[in-house]
Amino acid sequence: MSHLLEKGIIFDMDNTLLKSNINFAEMKRAIYQLLLMHGCCVPELDLQNHTASQLIEIGRQSSLMTQELEDEMWSAVTAVEKDGMHGAVLEEQAREVLDELRDRYQLYILTNNAYAAAQEALVETGISDYFTEIVAREQMTQLKPSPSGVHYILRQQPQWPLEAWVMIGDSWIDGKAAQDAGIRFLSYQGKLGEMEQRGVKPVATVKSLRELLNHF
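Residues numbered from 1 in each chain as written. Predicted model: local features only at pLDDT ≥ 70, side-chain atom pairs only at ≥ 80, totals over all residues. Heavy atoms only, no water.

Going by an unreviewed UniProt entry, the protein chain carries the name Phosphoglycolate phosphatase and comes from Brevibacillus centrosporus.

Trainee: Just give me the short version of the overall build of the protein chain, but keep the residues and values in it.
Mentor: If you tally the helices and strands in the protein chain, you get eight helices and eight strands. Relative to the 2.2 N^0.38 estimate, which gives 17 Å for 216 residues, the radius of gyration of the protein chain is 17 Å and therefore close to what a compact globule would have. Its C-alpha atoms give the protein chain principal-axis dimensions of roughly 50 × 35 × 30 Å. Buried residues in the protein chain amount to 51% of all 216 residues. Taking all contacts inside the protein chain whose residues are at least 6 apart in sequence as the whole, residues at least 24 apart take part in 66%. In the form shown here, the protein chain has an accessible surface area of approximately 10,600 Å², with 48% of it arising from carbon and sulfur atoms. Of the side chains in the protein chain, 19 bear a positive and 31 a negative charge, and the two mean positions are spaced by 5 Å. (Helix = DSSP H or I, 4+ residues; strand = E, 2+ residues; numbered from the N terminus. Rg over C-alpha atoms; globule rule 2.2 N^0.38 Å. Buried < 20%, exposed > 50% of the residue type's maximum accessible area, 1.4 Å probe, protein only. Contact = heavy atoms within 4.5 Å. Areas by Shrake-Rupley, 256 points an atom, 1.4 Å probe, with all protein chains shown as cover. Lys, Arg positive; Asp, Glu negative; His and termini not counted. Charge placed at Lys NZ, Arg CZ, Asp CG, Glu CD.)

Trainee: An account of the pattern of salt bridges is requested, with residue identities and associated values reported.
Mentor: Inspection of every chain in the model, using the stated rule, returns 10 salt bridges. Here Glu 26 makes a salt bridge to Arg 29, at a shortest N to O gap of 3.0 Å. Remark: Arg 29 and Glu 26 occur in helix H1 (residues 24–37); sequence separation between them is three residues, near one turn of the helix. A relative accessible area of 33% places Glu 26 in the partly exposed class. Accessibility expressed as a relative area gives 41% for Arg 29, which makes it partly exposed. One network of salt bridges, in which partners are shared, links Asp 12, Lys 144 and Asp 174. (Salt bridge = Lys/Arg side-chain N within 4 Å of Asp/Glu carboxyl O.)

Trainee: Please give an account of the side chain of Lys 144 that cites residues and values.
Mentor: Mapped onto the fold, Lys 144 is located in the loop between strand S5 (133–135) and helix H6 (148–154). Residue contacts for Lys 144: discarding those within four places in its chain leaves Asp 12, Ser 53, Leu 110, Thr 111, Asn 112, Met 167, Ile 173, Asp 174 and Ala 177.

Trainee: Residue-level account of the sheet that holds strand S6 (residues 165–169), with values.
Mentor: If you walk across this open sheet you meet the six strands as S5-S4-S1-S6-S7-S8, and the pairing is parallel. Sheet topology places S5 and strand S8 (204–206) at the edges, where each strand pairs with a single neighbour. In this sheet, neighbouring strand axes are inclined to one another by 25° on average, regardless of whether the strands run parallel or antiparallel. Bridge count between strand S4 (residues 106–110) and S5: three bridges; the pairing is parallel. (Pairing = 2+ DSSP bridges. Axes fitted to C-alpha atoms, helices over the stretch in contact; angles between N-to-C directions.)

Trainee: I'd love a proper account of the environment of Gln 93, names of residues and values included.
Mentor: For Gln 93, the location among the structural elements is in the loop between strand S3 (89–90) and helix H4 (94–101). Taking relative accessible area as the criterion, Gln 93 reaches 30% and is therefore assigned partly exposed. Between the C-alpha atoms of Gln 93 and Gln 197, which are 104 residues apart in sequence, the distance is 30 Å. Look past the residues within four positions of Gln 93 in its chain and what remains in contact with it is Ser 208, Leu 209 and Arg 210.

Trainee: Lay out the domain arrangement of the protein chain with the relevant residues and their values.
Mentor: Each assigned domain of the protein chain is listed here: domain 1 (8–20 + 88–214) and domain 2 (24–85). Taking only C-alpha atoms into account, the centre of domain 1 sits 24 Å from that of domain 2. Contacts between the two partners involve 19 residues from domain 1, matched on the other side by 13 residues from domain 2. Taking both partners together, domain 1 and domain 2 bury about 1,200 Å²; carbon and sulfur atoms supply 53% of that area. If you sort the residues of domain 1 by the area they bury against domain 2, Arg 137, Leu 143 and Arg 198 come out on top, with a joint share of 35%. Counting across the interface, domain 1 meets domain 2 through one salt bridge. (Domains from an automatic or database assignment. Buried area = accessible area lost by both parts, 1.4 Å probe.)

Trainee: Which residues make up the nonpolar core, and what values do they have?
Mentor: Formed by 72 residues in total, the largest nonpolar core has its most connected members in Phe 11 and Phe 131. Three or more residues apiece are contributed to this core by two domains, here domain 1 (8–20 + 88–214) and domain 2 (24–85). If we skip the residues at most four places from it in the chain, Phe 11 touches Thr 16, Leu 17, Leu 98, Leu 101, Leu 107, Tyr 108, Ile 109, Leu 110, Phe 131, Ile 168 and Leu 212. (Core = buried A, V, L, I, M, F, W, Y, C linked by side-chain atoms within 4.5 Å.)

This is the structure we're talking about:
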């Protein structure tokens, strides 16, 4: 039936559909220490105002970046992800909401995590089959907040107008990726002050996944 559907919903994964315990502060510290050690960033860098993906991009722009260092950064990121994804559980109402949506929309996952970690977590929680495709960092040229991953998904259905799509996530980086790709963004338990500061304007905000059904 999915081939007849002509609308799509892109879901963030962590803290949107799954409750994970990824320590993003530790992830940022690990990346920062590697960049600092190799002279790829300034000591005064404000970690609080940068995401892990932004730190990686700062490193990539340095003339001192090497493939070996980039591989070491990704290894540090993957280690924190694996630890945080262990024992992940579904957000409340996730399965029932996906049950209702999948008959009317093609559903996609867009995560900055590695594909293997995302696939494993979605299989373990029993929801991997709801999605047309799981798009992880391997499919992106840049991580969210870059729109690269959204563009990748949009290319899967090039005949659909941008109005056919909506993205749902908890973070400003999800909203920025959606907006820069030209599609609507719906915030799930997001920090609206931070989103406003980053120029992200959700079309709606919900506090529970069940509330999503009021918008579809």
